[in-house]
Amino acid sequence: MDMSKLLQRGDYEWELPKQGSMRVPGILYASRRLIETMDNKVLEQVRNVATLPGIVGASYAMPDAHWGYGFPIGGVAAFDPEEGGVVSAGGVGFDISCGVRLLRTGLALNDVRPVLPELMDALFNTIPAGVGSCGQIHLNDLRMSEMLRGGARWSVEQGWGRPEDLERIEENGRMAGARPENVSRQARRRQCDEMGTLGSGNHYLEVQYVEAVMDREIAASFGLRTGEVVVSIHCGSRGLGHQIGTEFLIEMAKAAKNSGIPLADRELACAPATSTVGQLYLGAMRAATNCAFANREIISHLARQTFSEIMPGAKLPLLYDVSHNTCKEETHLINGKETRLLVHRKGATRAFGPGHSDLPPAFRESGQPVLIGGSMGTASYVLAGLAENESKSLGSACHGSGRAMSRRQARRLWQGRKVVDDLRGHGIHVRSPSMRGVAEEAPDAYKDVDEVAKATECARLARRVARLRPLGVVKG
DNA sequence: ATGTCC
């Protein structure tokens, strides 16, 4: 990255000063090394987002930021609807409400290792993965609407999940304001056989163990102990979210033009939040959020069934489920005034700190679990939100290690089969329908997750709680 | 991310 455009505000904070048509400055949180290796495109996209109507505070980039569609992945931007603020489909991302959840198992590493190959085969056979994968659940139009309105609550009602999971999902597993009637026939059709499927790309189910605990008190309150096996699930709203994103990008391109919003990049397509298109998108996007919540709940149910067959008595309680591709209505303190905002987090995780009123009682003292997915061969992290991030990043943190290179570049450098064999040599069992997908997801195609997690803590966005090591991966 | 170009 061209460092000459940035002012260093702290060891882990960099400002892109307001200039030209920018309405607010850009703020990037990262170590010098992470900033240096970031694509110049990230800075350009942070700048572009800062020009959009109604943006408040700043256009933010998290330590894992990289180049995305219009908005950077690892970007946070909030807009005030009463000041002409916009909503943007590209600011949410194609995979609406993509997110991570973490299940504890109560099992020790040594109990699981002997059955690991068998366990991974069973998980791979039970949980459909890959592009266009279909599941056992088929939804007609009526049930589709119920799912889109009910989210994870609907899954639980159908018998695919447990009632006690719900308070451990953002929004209690059901996003209010969902408008199933705003979801097109095409989006519904793409989703009708895809519930309970993982999808492709960077989506996965990983069996991991707690390798190290950084904050003993919070780890204990989360029920995480060194050597315990956990399961992480990373996926989103599948074909439905993608279709909604695609359709509304077109509608928003028109809406921006009609509303006279100048776009620095056509990928920034957006509509005033109070406009017809803006409201239609919010209703559809919230329905897609419920689809993602429902999907992760069903996948958890399948994982629980599989575990109980191989490890009788294993319960797999949910620690937390949080999205990292969202636009949410939240109240934040802006210039000393409580303001209702539309907060876009694209490849960024909500990370509310201790005492936040939106958190369930279980996390009021610790702050919200922040689930950070690494790449296949490296680590994942559990962090906890910090109250001081409210004024820094509107209560947000990073979402993963972030890609360090394009998929095409990764395919040129590695062969999927060899990646699987290398990981097997490190004790990690990979199951995937696509060796091409595995090559694209090779561990070295990602940034160093340890450095990203450290920068997130040093920037005071979240506190590191535990480091997770993969044992087995089902990869889409 | 994605019925990876209806």
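- In the nomenclature of an unreviewed UniProt entry, chain A corresponds to tRNA-splicing ligase RtcB from the organism Marinobacter salinus.
- Here is the UniProt Sequence similarities (unreviewed entry) comment for chain A, exactly as written: "Belongs to the RtcB family."
- Note on chain A: under the UniProt heading Subunit (unreviewed entry), the record states "Monomer."

A closer look at the packing of aromatic side chains
Item 1. Counted by the stated rule, this structure contains five aromatic pairs.
Item 2. Each ring, one from Y320 and one from F363, has its centre 5.2 Å from the other, and the planes form 80 degrees; the classification is edge-to-face. With a gap of 43 residues between them, Y320 in strand β11 (residues 318-323) and F363 in the loop between β14 (349-350) and β15 (369-372) connect regions that are remote in the sequence.
Item 3. With a relative accessible area of 1%, F363 lands in the buried category.
Item 4. Within the aromatic cluster, the residues linked to one another by ring pairs are F222, Y320 and F363.

Looking at the protein's contact with DNA strand B
Item 1. Residues in close proximity to DNA strand B total 18 residues, the closest being V131, Q186, R190, S200 and N202.
Item 2. Taking the atoms of DNA strand B that fall within 4 Å of the protein, sugar and phosphate contribute 50% of them.
Item 3. Separating a base nitrogen of DNA strand B from a side-chain N or O atom of R189 is a distance of 3.5 Å.
Item 4. A distance of 2.7 Å separates a phosphate oxygen of DNA strand B from a polar atom in the backbone of S200.
Item 5. Taken together, the elements giving at least two residues each to the surface near DNA strand B come down to α6 (185-191) and α8 (238-258).

Details of the UniProt feature "active site" (unreviewed entry) in chain A
Item 1. The UniProt feature table records "active site" (unreviewed entry) at H399.
Item 2. Exposure remark for H399: the relative accessible area of 13% places this residue in the buried category.
Item 3. Apart from the residues lying within four places of it in its own chain, the contact partners of H399 are D64, I73, H324, G347, A348, T349, L371, I372 and G373.
Item 4. Here G347 takes part through its backbone oxygen, which lies 2.9 Å from a polar atom of the side chain of H399.

Quick notes on the pairing of strand β5 (residues 73-79)
Look at any regular strand and the pattern is simple: side chains alternate between the two faces of the sheet.
Item 1. Counting buried residues in β5 gives six out of seven residues, a clear majority hidden from the surface.
Item 2. In this antiparallel pair of consecutive strands, strand β4 (residues 55-66) and β5, the connection spans six residues, and G70 shows a positive phi of 75 degrees.

Notes on the layout of surface pockets
Item 1. In this model, the second largest pocket occupies a volume close to 450 Å³.
Item 2. Per-element accounting of the lining of the second largest pocket gives the leading share, five residues, to β4.
Item 3. Looking at side-chain class alone, the lining of the second largest pocket contains ten nonpolar, five polar and eight charged residues.

Brief notes about unusual backbone geometry
Item 1. Even without glycine at this site, R238 takes up a positive phi of about 50 degrees.
Item 2. Take R238: it is sitting in helix α8.
Item 3. The phi dihedral of N335 falls on the positive side, at around 50 degrees, and the residue is not glycine.
Item 4. Position of N335 relative to the elements: it lies in the loop between β12 (325-334) and β13 (337-346).

A look at the pattern of salt bridges
Side chains that carry opposite charge are capable of pairing whenever their charged atoms lie near each other.
Item 1. Counted by the stated rule, this structure contains 34 salt bridges.
Item 2. For D2, the salt bridge identified is with K5, shortest N-O distance 3.8 Å.
Item 3. Using a relative accessible area of 46% as the deciding quantity, one classes K5 as partly exposed.
Item 4. Across the pair R403 and E441 runs a salt bridge whose closest N-O atoms are separated by 3.4 Å. Of this pair, R403 sits in the loop between β17 (396-397) and α11 (407-413) while E441 sits in the loop between α13 (435-440) and α14 (449-458), and the two are 38 residues apart along the sequence. The pair formed by R403 and E441 is uniform in burial state, with each residue classed as buried.
Item 5. Three or more residues joined by partner-sharing salt bridges are found here, namely R403, R407, R411, R436, E440, E441 and K475.

Here's the deal with the side chain of S237
Item 1. Along the chain, S237 turns up in the loop between β9 (228-235) and α8.
Item 2. When its relative accessible area of 0% is taken as the criterion, S237 is described as buried.
Item 3. At 2.7 Å, the side chain of S237 and the backbone oxygen of I96 are in polar contact.
Item 4. Those residues within four positions of S237 in sequence are excluded, and the remaining contacts are D95, I96, Q191, A288, C291 and A292.

Details of the nonpolar core
Item 1. With 72 residues, the main nonpolar core has L123, L205, V207, I244, Y281 and F307 as its most contacted residues.
Item 2. Beyond its immediate sequence surroundings of up to four residues, Y281 is in contact with V87, S88, A89, V92, I96, I244, F248 and M252.
Item 3. Among the nonpolar cores identified, the runner-up in size contains 57 residues, and Y12, L43, V49 and A78 belong to it.

Notes on the packing of α8 against helix α9 (residues 276-310)
Item 1. At a minimum axis distance of 10 Å, the contact between α8 and α9 shows a crossing angle of 165 degrees. Here α8 is positioned roughly antiparallel relative to α9, judged by the angle of their axes. Regarding α8 and α9, the two cross each other, and that crossing is left-handed. Contacts between α8 and α9 involve R238, L240, G241, I244, F248, E251, M252 and A255 from the former and V277, L280, Y281, A284, A288, C291 and N295 from the latter.
Item 2. Per-class residue counts for the contact of α8 with α9 are eleven nonpolar, two polar and two charged.

Concerning the environment of V49
Item 1. Secondary-structure assignment places V49 in helix α2 (residues 40-49).
Item 2. Leave out the neighbours within four places in its chain, and V49 touches I55, S59, F71, P72, A77 and L268.

Focus on the pairing of strand β3 (residues 26-29)
Item 1. Residue alternation in β3 divides its side chains into two sets, G26 and L28 and I27 and Y29, and both sets are buried.
Item 2. The pairing of strand β2 (residues 13-16) with β3 spans four bridges and is classified as antiparallel. Bridging from a neighbouring strand, L16 pairs with G26 of β3.
Item 3. Relative to β4, β3 is paired through three bridges, and the arrangement is parallel.

About the cut-offs
Residues numbered from 1 in each chain as written. Chains lettered and ligands numbered in written order. Predicted model: local features only at pLDDT ≥ 70, side-chain atom pairs only at ≥ 80, totals over all residues. Heavy atoms only, no water. UniProt positions renumbered as here; feature names shortened; annotations may be inferred. Phe/Tyr/Trp six-rings, centres within 6.5 Å; stacked < 30°, edge-to-face > 60°. Helix = DSSP H or I, 4+ residues; strand = E, 2+ residues; numbered from the N terminus. Buried < 20%, exposed > 50% of the residue type's maximum accessible area, 1.4 Å probe, protein only. Near = heavy atom within 4 Å. Polar contact = N/O pair within 3.5 Å; in protein donor to acceptor, adjacent residues only side chain to side chain. Contact = heavy atoms within 4.5 Å. Pairing = 2+ DSSP bridges. 1 Å grid on protein atoms, 1.4 Å probe; cavity = no way out; pocket = protein on both sides within 12 Å on 5 of 7 lines; lining within 4 Å. Points joined across faces, edges and corners; volume = space filled by probe spheres on them. Nonpolar A, V, L, I, M, F, W, Y, C, P; charged D, E, K, R; others polar. Salt bridge = Lys/Arg side-chain N within 4 Å of Asp/Glu carboxyl O. Core = buried A, V, L, I, M, F, W, Y, C linked by side-chain atoms within 4.5 Å. Axes fitted to C-alpha atoms, helices over the stretch in contact; angles between N-to-C directions. Parallel < 35°, antiparallel > 145°, perpendicular 65-115°, else oblique. Left-handed = near helix turned anticlockwise from the far one by under 90°.

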